[in-house]
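Structural overview for review
Single-letter residue listing:
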Amino acid sequence: MRVRVHSRVTRRHPEITESDVVTAFENTLRARIRDTYPVQTVGVGTDASGRLLEYIAVEDEPDAWLVFHSMEATRKVLIEVGLRR
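Quick look at the structure, then. Source: prediction; values computed, not measured.

**Observations regarding the environment of Asp63**
When you line up the elements, Asp63 lands in the loop between β4 (52-61) and β5 (64-72). Separated by 62 residues in the primary sequence, Asp63 and Met1 have C-alpha atoms spaced 5.1 Å apart. Apart from residues lying up to four places away in sequence, Asp63 is in contact with Met1 and Arg2.

**As for the sheet that holds strand β2 (residues 28-34)**
Reading across from one edge, β1-β5-β4-β3-β2 is the order of the five strands in this open sheet, with mixed pairing throughout. The two strands at the open ends of the sheet, each matched to only one other strand, are β1 (2-5) and β2. Taking the axes of each pair of neighbouring strands and ignoring which way they run, one obtains an average angle of 30° across the sheet. In this structure, β4 lies alongside β5, joined through eight bridges in antiparallel fashion. The partner of Val58 across the bridge, within β5, is Leu66. Where helix α2 (residues 18-26) meets the sheet, its contacts fall on β1, β2, β3 (40-46), β4 and β5, and the angle it forms with β4 comes to roughly 85°.

About the cut-offs
- Residues numbered from 1 in each chain as written.
- Predicted model: local features only at pLDDT ≥ 70, side-chain atom pairs only at ≥ 80, totals over all residues.
- Heavy atoms only, no water.
- Helix = DSSP H or I, 4+ residues; strand = E, 2+ residues; numbered from the N terminus.
- Contact = heavy atoms within 4.5 Å.
- Pairing = 2+ DSSP bridges.
- Axes fitted to C-alpha atoms, helices over the stretch in contact; angles between N-to-C directions.

Printed below as a string of structure tokens:
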């Protein structure tokens, strides 16, 4: 599986590196598919430092993902993926 991170992620959140995002994606704790077109996946995973990061990604080709949003996990996304009430 290949994971690419859009450059806007690190521009908007300089405290998060591409490596952090890829690690969080690979260490997904919970994710769900949104009813959008194209289909988006929202998820929460841990980076190498143990931070909970949220991400939104699209599968842009078979077995390849583009993460276009990532930041420290918010309450809203934790609720959306079922990790918090």
